[in-house]
Amino acid sequence: VKSIENAYRQVEITLANQLSVAYPDLNMRDILKLAGTKWNMGTYFPGFGIGGYCIPLAPHYVLEGAKNPEVLTLLKHSIEFDEKHPERVVNSLNKRNIKNVGILGIAYAPDLKVHVLSPALGIVRGLKEKGINVKVNDPYYTDEEAKNVTGCDTFRVPEDLHQFDSILIVSGHTAYKFNKYKIKEIIKKCKIIIDNSGVWNDIVFEGPEYYQSGDKGWLG
């Protein structure tokens, strides 16, 4: 039963991501928030992808256990779409001619030390394949652990954020809620920020373009 519940949730999350790709000129985050005010509708928002032990694996268990798996076409397409979603984030940066990316968060969820199937890993891999320089930070991992997990050098926050022309906030760790005025001063050279968790959504940036996942134009 739990696997079916989590598989159902994956389909709903995937639909949110598909809608943001299908309607790039609309703020799908706001639309889904409004739709979610209906009492019997769950609210899911676009993001970088699905990670963890439960939701990404549940569809595979459901398919393997089904007597007639061929009819579960929604589930199959959901898996395929989600596996490729980090690549869409990578492509959005590549077409913006980004050269140096700082990734905040290896973990798949805020304030956890769990990187199983985290979208950060697919994003790092894709950026490196495009020849884009990438460094990572996660306060829950030592520098050695982070390098072993991602194959990337680490950086300090907020001191080293000036190095990057793009910042991706994958995990909404509490530690990333810095003084907004200090952040704005440090990242003046940054071109684009994409925030998966909304930890910087209360900052008005004058220089870089800021997008929360699902905002209009967040994938370029």
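It should be emphasised that the depicted structure is a prediction, and the values quoted were computed from it without experimental measurement.

The rules behind these values
- Residues numbered from 1 in each chain as written.
- Predicted model: local features only at pLDDT ≥ 70, side-chain atom pairs only at ≥ 80, totals over all residues.
- Heavy atoms only, no water.
- Salt bridge = Lys/Arg side-chain N within 4 Å of Asp/Glu carboxyl O.
- Helix = DSSP H or I, 4+ residues; strand = E, 2+ residues; numbered from the N terminus.
- Buried < 20%, exposed > 50% of the residue type's maximum accessible area, 1.4 Å probe, protein only.
- Arc of directions from axis to C-beta.
- Contact = heavy atoms within 4.5 Å.
- Polar contact = N/O pair within 3.5 Å; in protein donor to acceptor, adjacent residues only side chain to side chain.
- Core = buried A, V, L, I, M, F, W, Y, C linked by side-chain atoms within 4.5 Å.

Enquirer: An account of the pattern of salt bridges is requested, with residue identities and associated values reported.
Expert: Applying the stated criterion across every chain yields a total of 7 salt bridges. As a salt-bridge pair, Lys2 and Glu5 come within 3.6 Å of each other at their nearest N and O atoms. With a gap of 3 residues between them, Lys2 and Glu5 both fall in helix H1 (residues 2-22), about one helical turn apart. A residue is classified by how much of its surface remains accessible, and Lys2, at 52% relative accessible area, is exposed. For the salt bridge of Arg156 with Asp160, the shortest nitrogen-to-oxygen distance reads 3.0 Å.

Enquirer: Just give me the short version of helix H2 (residues 28-35), but keep the residues and values in it.
Expert: By the burial criterion, the buried members of H2 are Met28, Arg29 and Leu32. Along the axis of H2, the buried residues cluster in a sector spanning 105 degrees; they form a single face. Exposed and facing more than 90 degrees away from the buried side of H2 are Lys33 and Leu34. Buried positions along H2 lie against H1 and strand S5 (209-212). If you check the start of H2, you find a side-chain oxygen 3.2 Å away from the backbone N of Arg29, and it comes from Asn27.

Enquirer: Got a sec to walk through the nonpolar core? Specific residues and values, please.
Expert: Counting 25 residues, the largest nonpolar core has Phe48, Leu93, Val101, Ile103, Ile123, Leu127 and Leu168 as the members making the most contacts within it. Elements supplying a minimum of two residues to this core: helix H4 (73-94), strand S1 (100-104), helix H5 (119-129), strand S2 (133-137) and strand S4 (192-195). Top element by residues in this core is H5. It accounts for 4 residues. In contact with Ile103, other than residues within four places in its own chain, are Ile123, Val124, Leu127, Val134, Lys135, Val136, Asn137, Phe155, Leu168 and Val170. Leu104, Phe164, Trp200 and Phe205 belong to the second-largest nonpolar core, a separate cluster that totals 17 residues.

Enquirer: Provide a residue-level description of unusual backbone geometry, including the pertinent values.
Expert: A negative phi holds for most residues other than glycine; trans holds for most peptide bonds. Following Val157, the chain continues into Pro158 via a peptide bond in cis, with omega recorded as 0 degrees. Looking at the secondary structure, you find Pro158 in the loop between helix H6 (143-150) and strand S3 (166-169). Positive phi is not limited to glycine here, since Asp111 has a value of about 55 degrees. Given a relative accessible area of 32%, Asp111 falls into the partly exposed group. Here the phi dihedral of Leu117 falls at roughly 55 degrees; this positive angle occurs in a residue that is not glycine. Within the element layout of this structure, Leu117 appears in the loop between S1 and H5. Given the relative accessible area of 43%, Leu117 is considered partly exposed.

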